[in-house]
Amino acid sequence: MNKKKIEIFLKEVELFSDLSNEELTLISKIIKIEQYGSKTFLFKENVARNYIYVIYEGEVELLKTTPSDKNKRLAYFTKGESLGEASIIDDSPHSTSARLVSHSSIIVIDRKDLKKIFESNKNIAIKIITRLSRLISRRMSVSNSKFINVGTQYISGGTRKEHDLLGDRYVRNDVYYGVQTLRALENFNISGVPLSFYPTLIKGFAMVKKAAAKANHELGLFDDNIANAIDEACNEIINGKYISHFVVDMIQGGAGTSTNMNANEVIANRALELLGHKRGEYEYCHPNNHVNLSQSTNDAYPTAVKIALIKRNKKLVKELLNLISSFKTKAEEFSRVIKMGRTQLQDAVPMTLGQAFEAYSITLEEEVDRLTQNANLFLEVNMGATAIGTGINSEPGYTRLVIGHLRDVTDLDIVSARNLVEATQDTSSFIMYSSAIKRLSIKLSKISNDLRLLSSGPRAGFNEINLPPMQPGSSIMPGKVNPVIPEVVNQIAFKVIGNDLTVSLAAEAGQLELNVMEPIMVQSIFESTEMLNSGMKTFRIRCIDGITANEEHCKKMVLGSIGIITALNPILGYETCTTLAKEASKTGKSVYELILEKEILTKEQLELVLDPENMLKPRKLKFNK
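Residues numbered from 1 in each chain as written. Predicted model: local features only at pLDDT ≥ 70, side-chain atom pairs only at ≥ 80, totals over all residues. Heavy atoms only, no water.

1. Looking at helix α11 (residues 353–375)
Spelled out, the test is: Starting at the N terminus, helices and strands are each numbered in turn, a helix being any DSSP run of H or I of at least four residues and a strand any DSSP run of E of at least two. Each helix should span, by expectation, one fewer than its residue count multiplied by 1.5 Å. With a 1.4 Å probe rolled over the protein chains alone, any residue whose accessible area is under 20% of its type maximum counts as buried; one over 50% counts as exposed, and the rest are partly exposed. Between two residues, a contact is recorded if the distance between any of their heavy atoms is within 4.5 Å.
An ideal rise of 1.5 Å per residue puts 33 Å on 23 residues; α11 measures up with 34 Å between its terminal C-alpha atoms. If you check which residues of α11 are buried, you get L353, G354, A356, F357, Y360, S361, L364, E367, V368, L371, N374 and A375. Buried positions along α11 lie against α10 (297–333), β11 (338–343), β12 (346–352), α14 (428–454), β15 (465–466) and β16 (548–549).

In C-alpha cells form, the structure reads like this:
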C-alpha cells in the first residue's frame, strides 16, 4: 500500500497528529496493515498489551465480560480511531476485548518497535506521549462524569473541530453529537440522568424531525438527498439506534435548547454519513439549517415531549391493567373469607377479604380513564409556532403540512393548537397529566398502607393476610420480615407527589411568551411515570400475586368482635345492642356469648343473622317474637 497515503492517513489520527511529515515517515516504517474477518478478536480481556491498533477500514466493538459471562458492548470504533494506545506506557493486561464487526483493515504497531523510535528520537516520544496524556485525561474526565456510562472511559482518540457562537471546540470522532451538545454536557452536570435514560423521548424527537423534514422537502426547501438522509437517520433512531449519543442531562437551562440541539446534531451527523461525508462536515447537512429548519426549540421540544408521554402513558396503563387484574384474581380467591371491616381503625362491621380486594381493583380501574383522558390533552401541539407562536422563519403552509406528517409518522390523532401564541406559553396539559399520575400514586400508597396494616404482626398485629417474604427484615431481630414492597410503593408515591408540586411551581413560573421551566416539568413527569411503571410491576409480581389469607384467624376476630352487634341492630334495636356492647367491652365476653347466655336469640337465629351472606349486603331479616 502507498506509504505516502498511509502517512496522510496517520496525520488524521489524534495520537500522531502533532508529528511532522518526516516523523510520520519514521512511524510508517514500523507499521503493518493486517486484514481481519468479521467477529475476529484484535485482543481479549486479561491478555498483555503488545500492540497499538488504528482502524484503516472497518468497524470494531469494545466488549467487557459481565458477571453472567456475557459480552457487553462498551464502545464502537470506526475508521481513523485507535485502540490499545496505553501499551506505549503500560504493559498491563487489557481490561476489555476488541472484536471486529465487519471485515476490516487494521494498522498494527508493535510497542517494542515504537519504543526503539522513542529511544533514538526524543522529540517524537514527547509529542506522542503528550498527545496520549491528553487522551487519557479526557477519558478520565468523561468516565468520572455522572452523565456517561462506564463505556465512555474507552472512547477513541480521534477528534474533529467544530464551532458555534462561542468559538471552536474539539469533539470526539466517535460521537454523533456536536459542539453545542458538548457545551451542554459540560454545563449541566446536574441529575446524572441523561436523555438516553428515556428512549421514548428521543424517539419522539426523531418523529418530530422526520415530519419537519418531510414538510420542508414538500415545500422545496431542500433537495431529495438531504431529505432522504434526514429521514433515514430519524428512522434509525426511532428503531432504537444511536440512543446512547443523547447525553444532555434531563435537567438543564435554556428551555430545552440543549436537548433540541443534541437531537439536531446526532441526526445531522448520521445523515452526513449516509450522504457519504464525515461527521462535522455541516456544509452538506447542517443541524440548524437543515434538521432544525422551520422549527424552534419552543415548538419542537414540547411536541416531542408530548408524543413521548402519550406513548409512555400506554405502557403505564398496560402495567396498571395488569395490577388491576391481580387484585381481581385475589378478590375472587378471598370471596368467602369473612373478616372485620374497620373505620377509623376501630371495629366496624363484617365484610369479606374479597370485597376489600375488589374495592382496590375498582379504585384503580377508575385511573385508567383518568390517565387516558389527560394524556389525550397532549394531542394538541404547537408545531409551526417556531419562537413565540408567530411562525417566523417558516414557509406559508408549513404548519398544515408538518401536522399531517406528524399524524402519519406517529399514528396519533395530533392536531394543531387553535392559537399558537397561547399554546407556546401554556403548559396546562403537563399540569393535568401530572395531577393524574399523582392521583394514581396516592391510591397506590393508600392500598399499600392497608396491606401493611392487614399483614402486621404476625402475633401482635392484625395478621389477616400474609405478604410474600422478600428478604430478612432486621440486622438485630432474628425472624423479622418487613413489608418491603408496599413500603417502596409508598415512597414512590411520595416522590410522585413531590414531582407534581415541582410541575405546578414550574408552570406558574412561566413568563410572557414562553415557559423556560419546561425541562424540569419534563424530568419530573418522566421520572414519575418511570417509577410508577416499575413500582406497579414490582407491586404485582412481588407482593399482590403472592398474598395469602389467614382465614380462621379472620373469622375468629369477627366472632370475637363487638362490631358484629351492628348486624343485630335491626332485630334487637339500638338500645339493647348498646347495652350488650357495653357489657361485652366491660367483661371481655363476646357479643355472641352474651346473646346466647341471656337467651335473647337461639343459636340457630344468631348464626342466621351472622351468616356472611346476611352481613355483606342489604337483606330483610325478621324473627317472630
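Moving on from the model shown.
2. Brief notes about the side chain of S97
The criterion, for reference: The definition of a polar contact used here is a pair of N or O atoms within 3.5 Å, where within protein one atom must be able to donate a hydrogen and the other to accept one, and adjacent residues in sequence count solely through side-chain atom pairs.
Tracing the sequence through the fold places S97 in strand β7 (residues 97–100). A polar atom in the side chain of S97 sits 2.8 Å from the backbone nitrogen of E45. When sequence neighbours within four positions are dropped, the list of residues in contact with S97 reads F41, F43, K44, E45, E61, L62 and L63.

3. Here we look at the packing of aromatic side chains
For any pair of aromatic rings, geometry is given as the distance between the ring centres together with the angle between the planes. To keep things clear, this is the line we draw: A pair of aromatic rings is counted whenever rings of Phe, Tyr or Trp (Trp by its six-membered ring) have centres within 6.5 Å, and the orientation is called stacked for planes under 30 degrees apart, edge-to-face for over 60 and tilted otherwise.
The tally for this structure, following the rule as stated, stands at 14 aromatic pairs. A centroid spacing of 5.7 Å and a plane angle of 65 degrees characterise the contact between F327 and Y360, whose relative ring orientation is edge-to-face. Linking F327 in helix α10 with Y360 in helix α11, this pair joins segments that are 33 residues apart in sequence. Assessed through its relative accessible area of 7%, Y360 is described here as buried.

4. With respect to the packing of helix α18 (residues 565–572) against helix α19 (residues 574–587)
Put simply, the rule reads: What counts as an axis is a line fitted to C-alpha atoms, over the stretch in contact for a helix, and the angles between N-to-C directions run from 0 to 180 degrees. By definition, any crossing whose near helix is turned counterclockwise from its far helix by less than a right angle is left-handed, and any crossing with a clockwise turn is right-handed. Under the convention adopted here, Pro, Cys and the residues Ala, Val, Leu, Ile, Met, Phe, Trp and Tyr are nonpolar, Asp, Glu, Lys and Arg are charged, and Gly plus all remaining residues are polar.
Close contact between α18 and α19 brings their axes to 7 Å; oriented N to C, the two are set at 145 degrees. Relative to α19, the crossing made by α18 is right-handed. Mapping the contact onto sequence places I565, L568, N569 and L572 in α18 and Y574, T576, C577 and L580 in α19. When grouped by side-chain class, the residues that make up the contact of α18 with α19 number six nonpolar, two polar and no charged.

5. Here's the deal with the environment of I447
Along the polypeptide, I447 turns up in helix α14. With relative accessibility at 1%, the residue I447 sits in the buried group. A sequence separation of 83 residues divides I447 from L364, and the C-alpha atoms of the two residues are 9.9 Å apart. Once you skip the residues sitting within four places of it in the chain, I447 turns out to touch F327, Y360, T363, L364 and F539.

6. Considerations on α10
For α10, built from 37 residues, the straight-helix expectation of 54 Å at 1.5 Å per residue is met to within 8% by its first-to-last C-alpha distance of 53 Å. Counting buried positions over the 37 residues of α10 gives 26, a clear majority of the element. The N-cap residue of α10 is S296: its side-chain oxygen and the backbone nitrogen of N298 are 3.0 Å apart.

7. Quick look at the sheet that holds strand β5 (residues 71–77)
Selection criterion: Whether two strands pair comes down to DSSP finding at least two bridges between them.
Strands sit in the order β2-β7-β4-β5 across an open sheet of four strands; the sheet is antiparallel. Edge strands, defined here as strands with exactly one partner in the open sheet, are β2 (41–43) and β5. Across the sheet, the mean angle separating the axes of adjacent strands is 30 degrees when strand polarity is ignored. Taken together, the six bridges between strand β4 (residues 60–65) and β5 define a ladder with antiparallel strand orientation. Across the sheet, the residue bridging to L63 is R73, located in β5.

Geometry only, nothing functional implied.
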